[in-house]
Amino acid sequence: RVQCDGDDEADVKYRMVIAQSVFSSLSNLWSDHRLPLSMKLRLYRLAVCSTLTHACEAWNMTDKIHKKVNGFNSRCLHIITKEDYRTTATNPAFNLILAIRRRRLRFLGHVLRMDTTRLVRRTFIAYVHNGTDIPAGSLMQDCDHMSIEDLTFIASDRKAWQRRVKALS
């Protein structure tokens, strides 16, 4: 979803509405004292967070979007864990922002391993043409200003790329 005015948040807001609907539909599970917290968190991650993060690779993860996603996550975790909002925002039981960053970095590795003639890869390379003026929140936000060539070399080794993804914190 893209707004005609170029609003980066349109898709994020849309996904949040859908995820909130899923979260609300599971309200009887969040209040069930018989279920262990670990199971509730797993259900939250699998049902709600997967709904929210659908196609998050296309998001421009600006600070504003980061705050919206973190706020959504902390509101949900507050209900599930019964912890304070501040606690769930600063030290979440499930770090949704980190999960999104890892998912986006995994996708970047996939794009970098594509054949150089693929349209997706060519478009991405054109977008980051020289690596110096990469917009904040792009797919390359966790790449420490490395060149496309260096990233492509690392991504060609899937195990090395997986270690890079897992090392995010």
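This structure is a prediction, so every number in the text was calculated from the model and none was measured. (Residues numbered from 1 in each chain as written. Predicted model: local features only at pLDDT ≥ 70, side-chain atom pairs only at ≥ 80, totals over all residues. Heavy atoms only, no water.)

1. Some details on unusual backbone geometry
Consideration 1: Although it is not a glycine, Ala55 adopts a positive phi angle of roughly 65 degrees.
Consideration 2: Overall, Ala55 belongs to the partly exposed group, its relative accessible area being 31%.
Consideration 3: Even without being a glycine, Lys82 presents a positive backbone phi close to 65 degrees.
Consideration 4: With respect to the helices and strands, Lys82 occurs in the loop between α4 (63-81) and α5 (85-90). (Buried < 20%, exposed > 50% of the residue type's maximum accessible area, 1.4 Å probe, protein only. Helix = DSSP H or I, 4+ residues; strand = E, 2+ residues; numbered from the N terminus.)

2. Details of helix α3 (residues 37-52)
Helical geometry note: an α-helix holds 3.6 residues per turn, so side chains three or four residues apart project in the same direction.
Consideration 1: Here α3 is 16 residues long and its end C-alpha atoms lie 21 Å apart, about the 22 Å a rise of 1.5 Å per residue gives.
Consideration 2: Along α3, the largest kink reaches about 30 degrees and is centred on Arg45.
Consideration 3: When α3 is considered as a whole, its buried residues turn out to be Lys40, Leu41, Tyr44, Val48, Cys49, Thr51 and Leu52.
Consideration 4: Against the buried residues of α3 lie α1 (10-25), α2 (27-30), α4 and α6 (96-113). (Expected span 1.5 Å × (residues − 1). Bend = angle between axes of the 7 residues up to and from the residue. Contact = heavy atoms within 4.5 Å.)

3. As for the environment of Leu98
Consideration 1: Among the secondary structure elements, Leu98 is positioned in helix α6.
Consideration 2: Using a relative accessible area of 16% as the deciding quantity, one classes Leu98 as buried.

4. As for the layout of surface pockets
Consideration 1: By volume, the largest pocket is sized at about 270 Å³.
Consideration 2: Around the largest pocket sit 14 residues that line it, and Glu57, Ala58, Phe124, Tyr127 and Leu139 are the ones nearest its centre.
Consideration 3: Of all the secondary structure elements, the ones that give two or more residues to the lining of the largest pocket are α6 and α7 (119-127).
Consideration 4: With four residues, the top contributor of residues to the lining of the largest pocket is α7.
Consideration 5: Considering only residue class, the lining of the largest pocket consists of eight nonpolar, four polar and two charged. (1 Å grid on protein atoms, 1.4 Å probe; cavity = no way out; pocket = protein on both sides within 12 Å on 5 of 7 lines; lining within 4 Å. Points joined across faces, edges and corners; volume = space filled by probe spheres on them. Nonpolar A, V, L, I, M, F, W, Y, C, P; charged D, E, K, R; others polar.)

5. Re the pattern of salt bridges
Side-chain pairs of opposite charge can arise whenever the charged atoms involved come near each other.
Consideration 1: Scanning the entire structure with this criterion turns up seven salt bridges.
Consideration 2: Here Lys13 and Glu9 are joined by a salt bridge, their closest N and O atoms 3.9 Å apart.
Consideration 3: The salt bridge involving Asp144 is made with Arg164; its shortest N-O contact spans 3.9 Å. Taken together, the residues Asp144 in the loop between α7 and α8 (148-156) and Arg164 in helix α9 (residues 158-167) connect sequence positions 20 residues apart.
Consideration 4: A relative accessible area of 60% means that Asp144 is categorised as exposed.
Consideration 5: Three or more residues are tied together by salt bridges with common partners; here these are Glu9, Lys13, Lys64 and Lys68. (Salt bridge = Lys/Arg side-chain N within 4 Å of Asp/Glu carboxyl O.)

6. Points about the confidence of the model for the protein chain
Consideration 1: On average, residues of the protein chain score 90 in pLDDT, and 93% of them are at 70 or above.
Consideration 2: For the protein chain, per-element mean pLDDT is lowest for α7, which scores 89, and highest for α3, which scores 97. (pLDDT = per-residue confidence, 0-100.)

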